[in-house]
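If you want the building blocks of each chain, they are given just below.
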Amino acid sequence: MKHAKIILVIGIVLILIPVLGFPPVWNKFFVTILGVWLCGIVLSVKYGSRLLTHSTELSQSKVSDSVATPTSHSDDHTPTV
């Protein structure tokens, strides 16, 4: 619900920016910043759980690989029987 409120506020601000009387350069700047922010929110909602799950799986597999893989010591010159 938090994301829905933020998206609503961004939409209202985007509607009001042209009528607030800012210089055209500022209008372009604010619209660009709010558009990038909006895209970031949408991407985090759409792919955020997948990316978090994928990165968690990767980190767990790296830990299990490092624990499960025995290391060989070529410096160790103990005779084998």
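Refer to the structure presented above.
The structure displayed is predicted, hence computed values, not measured ones.

Caption draft 1: Here's a closer look at the overall build of the protein. What the protein contains, in helices and strands, is two helices and zero strands. Taking all 81 residues of the protein together, the buried fraction comes to 6%. As presented, the protein carries roughly 7,100 Å² of accessible surface, and 71% of it is formed by carbon and sulfur atoms.

Caption draft 2: The side chain of Asn27, seen in detail. Looking at where Asn27 falls in the secondary structure, it is placed in helix 2 (residues 24-68). Those residues in contact with Asn27, other than ones at most four positions away along the chain, are Ile17 and Phe22.

Caption draft 3: Expanded view of the packing of aromatic side chains. For the structure shown, the criterion picks out four aromatic pairs. Feature note: the residues Phe22, Trp26, Phe29 and Phe30 constitute an aromatic cluster, connected by ring pairs.

Caption draft 4: Examining a nonpolar patch on the surface more closely. A cluster of nonpolar side chains, contributed by Leu8, Ile12, Ile15, Leu16, Val19 and Leu20, occupies part of the molecular surface with about 610 Å² of accessible area. In this fold, Leu20 is placed in the loop between helix 1 (2-16) and helix 2.

Rules used throughout
- Residues numbered from 1 in each chain as written.
- Predicted model: local features only at pLDDT ≥ 70, side-chain atom pairs only at ≥ 80, totals over all residues.
- Heavy atoms only, no water.
- Helix = DSSP H or I, 4+ residues; strand = E, 2+ residues; numbered from the N terminus.
- Buried < 20%, exposed > 50% of the residue type's maximum accessible area, 1.4 Å probe, protein only.
- Areas by Shrake-Rupley, 256 points an atom, 1.4 Å probe, with all protein chains shown as cover.
- Contact = heavy atoms within 4.5 Å.
- Phe/Tyr/Trp six-rings, centres within 6.5 Å; stacked < 30°, edge-to-face > 60°.
- Patch = residues over 30% accessible without salt bridge, like charges linked within 9 Å, V, L, I, M, F, W, Y side chains within 5 Å.
- Salt bridge = Lys/Arg side-chain N within 4 Å of Asp/Glu carboxyl O.

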